[in-house]
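# Fold and contact review
Residue-level listing of the chains:
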Amino acid sequence: MATIVEKFFDSKDALTAELSATLEQSLVDGIEASGRAVLMVSGGSSPAPAYKHLSNLALDWAKIDVAMVDERWVDAEHDKSNEAFIKSTLLQNHGADANFITMKNSAATAQQGSAECEAAYQQLKRPFDVTILGMGPDGHTASLFPHAKGLEYGLTTSDLVCAINAIESDVTGSITERMTLTLAAIAQSKVVKLLISGEEKLAVYKTAKAGGDVNDMPLRAVLNHPSINIEVYWAP
C-alpha cells in the first residue's frame with residue numbers, strides 16, 4: 001500500500017491555496033537540494049488556479065523542468081491538447097522561463113513516438129519533485145485507462161512513458177490515442193498530489209482505495225504501490 005495522506009478542504013479556494021504553497025516549497029527545495037526541480041503536470045480544472053498562481057512567482061524558473069503527465073496525440077494547437085492548457089496557465093509570466101518537456105512529437109502515432117518521448121524524459125532529474133495527478137469517474141489516472149490497449153505495459157514496464165489506446169467512452173471522448181507516464185515513472189516522484197473534486201469522484205476514489213482489479217480502475221495500481229507517497233486533495 002502506498003503512503004496516503006488525505007487533505008479535505010471546505011472549498012476549492014482553500015485547496016488551491018494549500019496546493020500552491022506546497023508546490024512552491026517543493027520546487028524551491030528541489031533547486032536547493034540538487035540544482036534543478038522537476039514538476040510533472042496534468043491538465044484539468046482542479047490544478048489550473050494553482051498553475052496560474054505559480055506562474056506569477058519569481059522562482060528560479062530557468063532551473064525548473066516542467067513535463068507532461070499525459071497527452072492526447074494531437075497537435076499543440078488542438079483545443080484538447082494538455083500542452084496548450086499548460087502553456088496558457090503555468091507557462092505564463094515568470095513561469096514562461098521554465099524548461100518545458102512535451103510528450104507530443106512529430107511521429108504519426110503515439111506508439112511510433114514513444115522512443116523519442118522516452119529519451120527526452122530519461123534526461124530529467126529523478127526522483128521528480130512533484131507529480132500532479134487527476135482521476136476520472138472511471139478510475140483512470142494520467143492516461144492509464146481501464147482495459148486500454150497498452151495498460152498492462154504501462155503498469156509493468158520500467159520505462160517512464162508509454163503509448164495508450166483507450167476504449168472510447170464518455171470519459172475519453174473521441175481522442176483515445178495518448179502518451180502517458182507509466183506506473184514506474186509515477187513511483188519515481190518524491191510526492192504525488194492526487195486532485196479530486198466533488199462527491200461523485202470522492203466515491204470513486206474510495207472504491208479504488210478499497211481494492212480490486214487494477215484493470216477495472218487503474219488508480220488502484222498507484223494507491224497500492226508500496227513506494228509511492230500520495231497526498232490526496234479533495235474539495236466539494
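This report concerns the structure included in the present document. (Residues numbered from 1 in each chain as written. Predicted model: local features only at pLDDT ≥ 70, side-chain atom pairs only at ≥ 80, totals over all residues. Heavy atoms only, no water.)

## What about the layout of surface pockets?
- Empty space within the largest pocket amounts to approximately 570 Å³.
- Along the wall of the largest pocket there are 27 residues; nearest its centre are G43, G44, G134, H140 and K201.
- When contributions to the lining of the largest pocket are tallied by element, the ones reaching two or more residues are β4 (70-72), α3 (82-89), β6 (130-133) and β9 (192-197).
- When residues in the lining of the largest pocket are grouped by element, the largest group, 3 residues, is from β9. (1 Å grid on protein atoms, 1.4 Å probe; cavity = no way out; pocket = protein on both sides within 12 Å on 5 of 7 lines; lining within 4 Å. Points joined across faces, edges and corners; volume = space filled by probe spheres on them. Helix = DSSP H or I, 4+ residues; strand = E, 2+ residues; numbered from the N terminus.)

## Here we look at the packing of helix α1 (residues 12-34) against helix α2 (residues 48-55)
- Where α1 meets α2, the axes come as close as 9 Å, and the angle between the chain directions of the two elements is 45°. By the angle class used here, α1 and α2 are oblique. The two elements α1 and α2 meet at a crossing, and its hand is right-handed. The residues of α2 that touch α1, namely those facing T16, L19, S20, L23 and E24, are P49, A50, H53 and L54. (Axes fitted to C-alpha atoms, helices over the stretch in contact; angles between N-to-C directions. Parallel < 35°, antiparallel > 145°, perpendicular 65-115°, else oblique. Left-handed = near helix turned anticlockwise from the far one by under 90°. Contact = heavy atoms within 4.5 Å.)

## Some words on the environment of T157
- In this fold, T157 is placed in the loop between α5 (151-156) and β7 (161-165).
- The class for T157 is buried, based on a relative accessible area of 12%.
- Taking C-alpha positions, T157 is 8.0 Å from L183, a pair spaced 26 residues apart along the chain.
- Residues contacting T157, with those up to four places away along its chain left out, are T182 and A184. (Buried < 20%, exposed > 50% of the residue type's maximum accessible area, 1.4 Å probe, protein only.)

## Some remarks on the nonpolar core
- L90 and Y121 are the most contacted members of the largest nonpolar core, which totals 78 residues.
- Those residues in contact with L90 that lie beyond four places of it in its chain are L39, V41, Y51, L54, S55, W61, V66 and G95. (Core = buried A, V, L, I, M, F, W, Y, C linked by side-chain atoms within 4.5 Å.)

## A closer look at the packing of aromatic side chains
- Following the criterion strictly, the structure yields 3 aromatic pairs and no others.
- Pairing F8 with W234 gives two aromatic rings, centres 5.4 Å apart and planes at 50°, and the pair type is tilted. Of the two residues, F8 is situated in strand β1 (residues 3-8) and W234 in strand β10 (residues 229-235); the sequence distance between them amounts to 226 residues.
- Of the residues examined, F8 reaches a relative accessible area of 41% and is grouped as partly exposed.
- A relative accessible area of 8% means that W234 is categorised as buried.
- Sitting over the ring of W73, K104 keeps its end group 4.9 Å from the ring centre. (Phe/Tyr/Trp six-rings, centres within 6.5 Å; stacked < 30°, edge-to-face > 60°. Lys NZ or Arg CZ within 6 Å of the ring centre and 35° of its normal.)

## As for the pattern of salt bridges
- Under the criterion given, the structure shown has 10 salt bridges.
- Between E231 and K7 there is a salt bridge; the shortest N-O distance is 3.7 Å. With E231 in strand β10 and K7 in strand β1, this pair connects stretches of sequence that are 224 residues apart.
- For D60, the salt bridge goes to K63, with nearest N and O atoms at 3.4 Å.
- Residue D60 is classed as partly exposed on the basis of its relative accessible area, which comes to 36%.
- The class for K63 is partly exposed, based on a relative accessible area of 35%.
- Connected through salt bridges with shared partners, the residues K7, E18, K193 and E231 form a single ionic network. (Salt bridge = Lys/Arg side-chain N within 4 Å of Asp/Glu carboxyl O.)

## Remarks on the pairing of strand β3 (residues 64-68)
- The buried fraction of β3 is high, at 5 of 5 residues.
- Side-chain alternation along β3 places I64, V66 and M68 on one buried face and D65 and A67 on a second face that is also buried.
- Where strand β2 (residues 37-41) and β3 come together, 5 bridges link them in parallel fashion. Across the sheet, residue A37 finds its bridge partner in β3, namely I64.
- Handedness of the β2-α2-β3 crossover: right-handed.
- Bridge count between β3 and strand β5 (residues 99-101): 3 bridges; the pairing is parallel. Bridging across to β5, D65 finds its partner in N99. (Pairing = 2+ DSSP bridges. Right-handed = clockwise from strand over helix to strand, strands pointing away.)

## Brief notes about the environment of T109
- Structurally, T109 can be placed in the loop between β5 and α4 (110-122).
- Filtering out sequence-adjacent residues up to four positions away, T109 remains in contact with W73 and E177.

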